[in-house]
Structures are given as structure tokens and as C-alpha cells.
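So you can see what is in the structure, the chains are spelled out below.
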Amino acid sequence: MRASSARRNTLYGILFALPWIIGFLAFTAYPILASLYYSLTEFVGIGTPKWIGSGNYYNLFHDELFWTSLYNTVYYVGLAVPIGFVVGLGLALLLNMDLKEVGIYRTLVYIPYVLPAVVVGFIWLWMLNPYYGLLNLFLNTVFHIQGPGWFSDPKWAKPAFVMLAQWGAGGSAVIFLAAIKDVPRELLESAEIDGAGWWTKFSKIIIPMISPVILYHLITALFGGFQIFTTAYIATNGGPANSTLFYVLYLYRNAFQYSKMGYASAMAWILFIIVLILTLIIFKTSARWVFYRGGGE
Amino acid sequence: MTLRHFTLKILGRLVLILISIVFLVPIFWMFTTSIKDLSEVMTYPPVWWPNPPKWHNYIKAVNYIPFGRYTLNTIIITVGNIAGVLFSAPLVAYSISRIKWKGRNILFMFILSTVLIPFPVIMIPVFIVFSRLGWINTFRPLIIPAFFGGGAFNIFLLRQFFMTIPEELSDAARIDGASEFGIYSRIMLPLIKPILIVISLFTFLGSWNDFMGPLIYLQNEAKYTLALGLQMYRSTNYVEWPLLMAASTIVVIPTIIAFYFTQNTIVESITLTGLKG
């Protein structure tokens with residue numbers, strides 16, 4: 001009886017999971033292996049891939065644009081992730097204030113996060129127009145400085161994307177806010193009675209209590225950052241002078257504009273390995289700074 | 001103490017108002033640009049509110065590109081995705097949370113691990129498979145995978161929800177002779193309706209806003225989605241800013257409405273995911 005019910009459960013378990021399992025095999029497992037294989041071939045997308053061993057990887061390491069795109073992306077991630085963390089957490093702390101109308105601020109700050117990336121790209125292309133853009137007008141009238149060319153200046157184009165990314169900080173702020181709201185009140189109150197200031201409360205209680213969410217945020221931000229594509233495709237398409245040729249943009253061009261599927265697959269695998277290593281490092285160090293409350297789920 | 005508290009509140013309020021304005025200005029700028037004519041766009045200092053507002057820009061914008069066609073295309077893809085996710089995500093979430101079988105923890109690990117795979121890694125082989133099937137320039141590559149996945153985050157969310165439902169409920173139904181699928185469809189799904197709505201809205205935002213997917217699969221202009229179509233207001237060295245911003249405003253409105261209806265549930269569901277630790 002028990003054995004047959006266990007078998008029955010296994011059968012139903014698999015049956016209910018079947019669509020996902022099929023999808024996983026077809027749209028995840030197979031593509032991962034296939035892209036590894038393609039990365040070792042010369043392949044235009046039709047016909048048979050021609051085995052060239054490590055040729056693509058060798059060529060990539062000698063491809064100046066590959067290094068440019070990697071540099072641009074690391075530059076972007078290196079700024080956008082830490083700044084995004086501070087902005088998101090800062091917003092969350094502000095939105096956690098005991099104000100009657102705080103829900104309105106939360107809504108307003110979150111809205112940009114739900115907008116299509118294409119629209120975001122266009123809005124900022126317009127906002128950052130060197131001549132008619134609102135930001136340079138603001139800089140000129142308030143601070144009397146001539147704003148830079150932003151997307152048309154190789155020096156300022158990458159920082160412009162970092163800034164643009166902060167417009168979506170409401171997304172992470174809402175997640176941080178949910179975590180902060182969940183910090184037990186008694187903990188903060190008893191710390192207050194013991195004479196703890198706001199910095200002590202923040203660094204010794206709030207940060208450790210929300211550290212699992214911080215871990216989640218860092219990993220998703222890292223992944224998102226490395227895969228920046230749409231806003232760059234719209235606002236600069238890699239320019240000026242390849243200063244915003246981000247990794248996935250160059251990968252996309254290789255795959256779908258130059259039909260170098262093998263080459264692009266090699267790029268994809270290098271990206272895969274980079275983000276996996278970074279994730280692993282974050283996870284490894286997280287044992288030291290992430291604090292899990294007891295009680296499981 | 002109270003005075004300090006009072007000033008802090010005033011200060012915080014001021015900062016929040018300022019931040020809200022900063023976050024809203026680009027959206028306001030999109031809108032106000034959409035009702036200007038070209039001469040009002042290219043002036044310095046800029047015009048904050050055109051007089052009179054050029055509302056007919058909206059009519060021009062929807063006639064400048066096949067706007068109706070693209071809206072329909074986008075709706076087909078979006079509805080298809082929502083249907084797909086609502087089909088596949090609750091099924092697998094049910095399997096790993098309500099059915100006691102050996103493989104369920106491993107399966108859950110696999111589901112979570114899919115978030116660690118960058119899209120470009122799977123994009124090329126999947127594209128090649130779909131092109132061999134002759135599915136390029138159809139909506140199939142943008143819809144069908146949803147029926148065989150559901151998204152790790154959605155599944156995670158659903159699993160957390162399923163686990164809050166008492167086991168006795170299923171047991172009682174089993175004793176009454178209900179089949180596993182009967183329990184799922186007649187008892188469980190109605191119970192998790194709120195989260196199904198949240199997931200639908202997430203999926204809506206994801207497909208409505210998607211750019212890279214349609215960019216790869218839809219090369220025929222008649223098949224474009226709104227996100228792709230917005231590019232057509234721009235030529236090599238010229239952008240129809242007022243029309244582009246008018247079209248953008250129209251494209252954005254559904255996302256803001258969708259967000260408005262979900263904002264509270266989003267916060268609640270995030271708390272429920274146990275992400276809080």
C-alpha cells in the first residue's frame with residue numbers, strides 16, 4: 001500500500017512537472033550544450049557547423065572589440081551595481097519613514113521601473129540631448145556649467161548609462177523596503193532603549209537582518225548589468241567610438257548581423273563563466289556577511 | 001526629542017518630494033514633448049507646456065507606423081505568454097510543493113539554478129532550432145516556450161503560496177475520492193487566485209516590454225511589436241521626437257495601469273517569498 005502510494009506520488013510529481021521538464025530540456029539544457037559545441041565551430045547559422053576547436057576563443061582574445069566590449073561592460077557593472085545598491089537601499093530607508101502619504105512616493109518612485117526599456121532608452125536619449133535636453137538646461141541654469149555631450153561624448157556615454165540605470169532603482173527599493181518592514185520591531189526598540197543611535201541600528205540590526213535580500217539583489221543586479229542591451233541598442237547602438245559597445249550588444253551583432261554564430265557562442269560562454277565565477281565569489285563570501293534567521297521558510 | 005523627530009519628518013518629506021519630482025520629470029518630459037510641434041521641440045530654453053497643446057500629434061503618431069497592427073501583434077504575444085505561464089508555472093510549483101515525491105527537491109534546485117544562466121548562452125541554439133522549424137517571423141518562438149517553463153521567480157512565488165495551504169485540505173479531498181488533478185484545478189488554483197493575478201501582471205510587463213526577443217525573431221515589418229515599432233520614428237539622422245514621444249506615451253500607459261493594480265500585491269508577495277530570510 002505504502003510502496004504503491006509512493007510510486008503514485010512519483011508518477012504525479014513527474015506528470016505535473018512534465019511541461020517544465022520538457023521546456024528545461026529543450027530550452028535550457030540542450031541550448032547550453034549546443035552553444036558550447038557551436039563555440040568550438042565555425043557556423044553561419046545554416047548548414048553544418050565546421051569544427052575549429054578553440055579557434056573562436058583564440059580569435060576572441062585577439063579581437064580588440066571583444067576587449068573593448070568587456071571593458072565597457074565591467075566599467076558599467078562596476079559603477080551601476082554599487083551605486084544601484086546605495087540608491088536602492090537609501091530610497092527604501094526613506095520610504096520606510098512614518099509618513100501619511102508615503103504610499104504616493106513609493107508609487108511614483110516605482111513607476112519608471114515598469115516602463116519598457118525601449119521607451120526608457122528614447123526618453124533618456126532626449127533628456128540627455130546636449131542642446132535641447134533637460135539635464136543640460138538644468139546644469140546650465142542652476143549651476144552655470146556647460147553640460148557634457150552625454151551619449152555623444154565617449155567620456156560621458158558610459159556614466160550616462162549608469163545614471164539611466166538609477167532611474168529604475170524603485171524596483172530594488174521596493175524589495176529592500178519589504179525586507180526592512182520585516183525586521184522585528186522589538187529588536188529595534190530594545191536597541192533604542194540600550195542607547196543605540198540610528199547608525200548602530202542601521203549597521204548592526206537592519207543590514208544583517210536584510211542581508212539575504214542584499215545577496216539576492218547583488219546577484220540579480222550583477223546579471224542584469226552584464227546583460228545590458230536594449231537601452232544601449234536604442235540610445236547609442238554602441239557609439240560613440242565604441243564607448244558603449246557593451247558585451248551583449250557586440251555578441252548580438254556577431255550572431256545576428258555578421259552571422260558568426262560560433263564566435264558569438266564562444267562569447268556567450270565566456271560571459272557565462274565570468275558571471276558564474278562572480279556569483280560563486282559572492283556566495284562564498286556571503287557565508288561571512290549573510291545572516292539567516294532561524295525557522296526556515 | 002519630539003522637536004528632533006518633527007524636523008526629521010519635515011526633512012524626510014522634503015527629500016522624498018524632491019526625489020519623486022526627479023523620478024517623474026523624464027515621464028513628464030516625454031508627455032509634454034508629445035504635444036509640441038517640431039519648432040517647440042528644438043528651442044532653447046525649452047517650452048514646458050506648449051500653447052496650444054498639439055493633441056493631433058497622437059493621431060499623426062498612430063498613422064505614422066502601422067500602430068494598430070503592432071498593438072494587435074503585441075497583444076497576441078502578451079496574451080499567449082500569460083496563458084503559457086499560467087498553464088506551466090502552477091503545475092510544476094504544485095509538483096514540488098504539494099506532492100511528496102523523491103525528486104522534488106532536486107527539481108526545485110534545477111528550477112532555481114536556471115536564473116544563473118545568462119540569456120545569450122541559450123539564445124543562439126534556440127534561435128537555430130526555431131529557424132530550422134521555420135518559425136522565424138512567426139510569434140511562435142515568443143509564445144510557445146512560456147507553455148514549457150513559467151519562469152523561476154514565478155514558480156518560486158507559487159511554491160511559497162502552495163506551502164501555506166494546510167495539508168488537511170488535500171487529504172480530505174483525497175478521501176472524498178478526488179483525483180490529484182481535481183484537487184489541483186478545483187481546490188488549489190482557486191485558492192491561489194491572488195498570486196495568479198500577480199504573476200499574470202509580471203508576465204504582461206515582461207512581454208509587453210520585451211525588445212530583444214522580438215528583435216531576434218521578427219524581421220518582417222508586418223510582424224513587429226510596439227517595442228520594435230517605436231524605432232520607426234527614427235531614421236538615420238533624424239528623430240520625429242513629438243511623434244515618438246506620443247507613441248511612447250501610448251505604449252507606456254498599459255504598463256502603468258498594470259503596475260497600479262499590482263503595487264500592493266507585489267510588496268506582499270515579495271514578503272511572502274521568504275526572501276526576507
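Note that the structure is a prediction, hence the values are computed from the model and not measured.

Rules used in this analysis
Residues numbered from 1 in each chain as written. Chains lettered and ligands numbered in written order. Predicted model: local features only at pLDDT ≥ 70, side-chain atom pairs only at ≥ 80, totals over all residues. Helix = DSSP H or I, 4+ residues; strand = E, 2+ residues; numbered from the N terminus. Buried ≥ 20, exposed ≤ 12 C-beta atoms within 10 Å, placed from the backbone. Contact = placed C-beta atoms within 7 Å. Nonpolar A, V, L, I, M, F, W, Y, C, P; charged D, E, K, R; others polar. Axes fitted to C-alpha atoms, helices over the stretch in contact; angles between N-to-C directions. Parallel < 35°, antiparallel > 145°, perpendicular 65-115°, else oblique. Left-handed = near helix turned anticlockwise from the far one by under 90°.

1. Here we look at the overall build of chain A
Across its full length, chain A carries 14 helices and 2 strands. Overall, the C-alpha framework of chain A stretches about 80 × 70 × 30 Å when taken along its three principal axes. The proportion of buried residues among the 297 residues of chain A is 40%. Residue pairs at least 24 apart in sequence account for 69% of intrachain contacts in chain A once pairs closer than 6 positions are excluded.

2. Considerations on the interface of chain B and chain A
With 78 residues of chain B in contact, the opposing surface of chain A contributes 77 residues. The element best represented in the side of chain B that touches chain A is helix α1 (residues 2-34) of chain B, accounting for 15 residues. Looking at the side of chain B that touches chain A residue by residue, the classes come out as 54 nonpolar, 17 polar and 7 charged.

3. Remarks on the packing of helix α14 (residues 261-289) of chain A against helix α6 (residues 119-132) of chain B
To characterise two packed helices, one gives the angle between the axes of the helices and the distance between these axes. For the pair α14 of chain A and α6 of chain B, interaxial distance at closest approach is 8 Å and the crossing angle is 155°. The angle between α14 of chain A and α6 of chain B falls in the class roughly antiparallel. α6 of chain B is crossed by α14 of chain A, and the crossing has left-handed handedness. Contacts between α14 of chain A and α6 of chain B pair Met 261, Ala 264, Ser 265, Ala 268, Trp 269, Leu 271 and Phe 272 of chain A from the former with Pro 120, Val 121 and Ile 124 of chain B from the latter. Among the residues forming the contact of α14 of chain A with α6 of chain B, the class breakdown is 9 nonpolar, 1 polar and no charged.

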